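Observations on the three-dimensional arrangement
Chain residues, written in single-letter form:
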Amino acid sequence: MKNNLFRKIFEILSLDMVAKFFFGIASILVIRFLSVEDFAVYAIGLASINLVTSSISMIFNRLYIAGDIDLPTSPFLSYQLILIVFIFIFLSIIKDIYDGYFLLIFFVTISQVLFWFAQTTYQRLLKFKLYYLSEYLRLIFYLSGFAILFLNDVFSIKNIFLLHGMSSFIVFLIFGFPFFNLKDLLNFRYINLLNKNFFNQSNKYLILYSLVVILLSYSDIIMLRFFSNTYYVAVFGAAFTYYSLLQAVTGSVHKLMLPLVQKTESILDIKNIMNQYIKIPFLLFPIYLLIIFSSDFIIPFFDNNKYPDSIYLFKILTVSSYLSLCFSPYSNVIFKLKDNKFIFYLYLVASIVYLSLLPFIIQKYYAEGLVYASLSMWLVVNFSTFVRAIKKVNAMND
């Protein structure tokens, strides 16, 4: 089993990194060729899309794979679409920060949730070949469209957002329809059952935890927009773009670990997975170290030294990413052991403290203070989760 786990993790990691590399090249071109003002608007819009998309899709992902709900997939999609509508009604209060792109951002969000709906279904079935086939097809559509925009000199915020939305929607039509049942989608009996199941003791905390995690993940740049200026939003947005490429490593681990841990049948199986996984961060440590030291040369090469202040921010975010890789995958053990209440309250307290202090930190220390605060907060919650998982498994083993 040991070799099998390593093989699967690195197989998924390799597929993820290749896709993220090409998406990253496109993102770097966006950083390089949009003006500071346009990139700041784009970064805010993209952060909002990721905030809503990830929160909605993560709820579906956690509940569908780790929850106690045995229903067809389509009613889950109904819930996701309803939630998106309500969230955007709320976001309409601050629509001015999107500089006229509010409805376009709504379309992109819907498209990405549909795309992730199909991917989560493949993830639950451990059909990662089809999972990544859909990912790479979306990549092909996106890069082809990106090249057309670039070569025809029609590179704009509007066209980039349209490209994001259309590439996701087309791939959903190809890969999502086998799981899409219109009758189930509109079946109010299923929706009523979901209402009851969503808020049982275990699922309730799983949902709330997922919402808090995504709020913490994408609130940084939005807070920066309100308590700083356009330049710092653009600088942090550039650093966060590079950081997102690194997060593909941690994301790859979670994609495999969540269904893998859920399918274990004993504490011994969980301990075997944990004992194998603990070696992976040590193997990847030299790579992260190399990334930190080489960023002084690589980032200016790609962005034409447009945001030199982003290099230091990226280095701090790289440390944060590595620490997340070390500790955050153990949250999957918490889900398996139904200790969702603990992890929700841990993240809730952390979010209240973090978001309360962030306005003061940003106003005094700008983006640099933000990344240090972010690193500290994620280290506390991820390490606490790691310690809790170890204690729970050892206690049950005894």
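This text gives an overview of the structure that appears in the document. (Residues numbered from 1 in each chain as written. Predicted model: local features only at pLDDT ≥ 70, side-chain atom pairs only at ≥ 80, totals over all residues. Heavy atoms only, no water.)

Attention shifts here to the pattern of salt bridges. Taken as a whole and assessed by the stated rule, the structure comprises three salt bridges. Here Glu135 ties to Arg138 by a salt bridge, and the two come within 3.1 Å at their closest N and O atoms. Residue Glu135 and its partner Arg138 are both found in helix 5 (residues 128–151); the two are separated by three residues, about one turn of the helix. On the accessibility criterion, Glu135 (4% relative accessible area) is buried. Of the residues examined, Arg138 reaches a relative accessible area of 13% and is grouped as buried. The closest approach of N and O atoms between Arg388 and Asp339, which form a salt bridge, is 2.6 Å. (Salt bridge = Lys/Arg side-chain N within 4 Å of Asp/Glu carboxyl O. Helix = DSSP H or I, 4+ residues; strand = E, 2+ residues; numbered from the N terminus. Buried < 20%, exposed > 50% of the residue type's maximum accessible area, 1.4 Å probe, protein only.)

It is worth spelling out the nonpolar core at this point. Among the nonpolar cores identified, the biggest contains 125 residues, and Val30, Phe39, Phe161, Ile221, Phe236, Leu325 and Tyr347 are the most heavily contacted of them. It is helix 15 (residues 340–397) that provides the largest number of residues to this core, a total of 19 residues. Beyond its immediate stretch of four places on either side in the chain, Leu325 contacts Val249, Thr250, Val253, Tyr277, Pro281, Leu284 and Tyr288. (Core = buried A, V, L, I, M, F, W, Y, C linked by side-chain atoms within 4.5 Å. Contact = heavy atoms within 4.5 Å.)

Right, let's talk about the packing of aromatic side chains for a bit. All chains considered together, the criterion is met by 37 aromatic pairs. Ring geometry for Tyr98 and Phe102: centres 6.0 Å apart, planes at 35 degrees, overall tilted. Ring geometry for Phe285 against Tyr322: centres 5.5 Å apart, planes inclined by 65 degrees, an arrangement best described as edge-to-face. Highlighted residues: Phe285 in helix 12 (residues 280–303) and Tyr322 in helix 13 (residues 309–327), separated in sequence by 37 residues. Classification of Phe285 as partly exposed rests on a relative accessible area of 40%. A network of ring pairs unites the aromatic residues Phe23, Phe33, Tyr142, Phe146, Phe150 and Phe155 as a single cluster. Sitting over the face of the ring of Phe342, Arg388 holds its NZ or CZ atom 4.2 Å from the ring centroid. (Phe/Tyr/Trp six-rings, centres within 6.5 Å; stacked < 30°, edge-to-face > 60°. Lys NZ or Arg CZ within 6 Å of the ring centre and 35° of its normal.)

Okay, the layout of surface pockets next. Estimates place the volume of the largest pocket at around 520 Å³. Contributing to the lining of the largest pocket are 21 residues, with Met17, Tyr242, Leu245, Leu246 and Ile291 lying nearest its centre. The set of elements that each furnish at least two residues to the lining of the largest pocket consists of helix 1 (2–33), helix 10 (230–262) and helix 12. Here the lining of the largest pocket is composed, by residue class, of 17 nonpolar, three polar and one charged. Put simply, the second largest pocket is a space of about 400 Å³. (1 Å grid on protein atoms, 1.4 Å probe; cavity = no way out; pocket = protein on both sides within 12 Å on 5 of 7 lines; lining within 4 Å. Points joined across faces, edges and corners; volume = space filled by probe spheres on them. Nonpolar A, V, L, I, M, F, W, Y, C, P; charged D, E, K, R; others polar.)

Residues Ile82, Val85, Phe86 and Ile89 make up a contiguous nonpolar surface patch of roughly 390 Å² in combined accessible area. According to the relative accessible area criterion, Ile82 is partly exposed, its value standing at 39%. (Patch = residues over 30% accessible without salt bridge, like charges linked within 9 Å, V, L, I, M, F, W, Y side chains within 5 Å. Areas by Shrake-Rupley, 256 points an atom, 1.4 Å probe, with all protein chains shown as cover.)

At a closest axis distance of 9 Å, the pairing of helix 5 and helix 6 (residues 157–175) adopts a crossing angle of 145 degrees. Every pair of crossing elements has a handedness; the one defined by helix 5 and helix 6 is right-handed. Residue-level inspection shows Leu130, Leu133, Ser134, Leu137, Arg138, Phe141, Tyr142, Gly145, Phe146 and Leu149 of helix 5 in contact with helix 6, the latter providing Asn159, Ile160, Leu163, His164, Ser167, Ser168, Ile170, Val171, Ile174 and Phe175. For the contact of helix 5 with helix 6, the residue count by class is 13 nonpolar, six polar and one charged. (Axes fitted to C-alpha atoms, helices over the stretch in contact; angles between N-to-C directions. Left-handed = near helix turned anticlockwise from the far one by under 90°.)

What follows covers helix 12. Where helix 12 bends most, the angle comes to about 60 degrees, and this point is Ser295. Along helix 12, the residues classified as buried are Ile280, Pro281, Leu284, Tyr288, Ile292, Ser294, Ser295, Ile299, Pro300 and Asp303. One or two residues past the end of helix 12 sits Asn304, with phi positive at roughly 60 degrees. (Bend = angle between axes of the 7 residues up to and from the residue.)

Another aspect to go through is the environment of Met377. Tracing the backbone shows Met377 in helix 15. Considered as a pair, Met377 and Leu216 are 161 residues apart in the sequence and their alpha carbons are 9.3 Å apart. Every residue in contact with Met377, bar those within four places of it in the chain, is listed here: Leu216, Ala350 and Tyr354.

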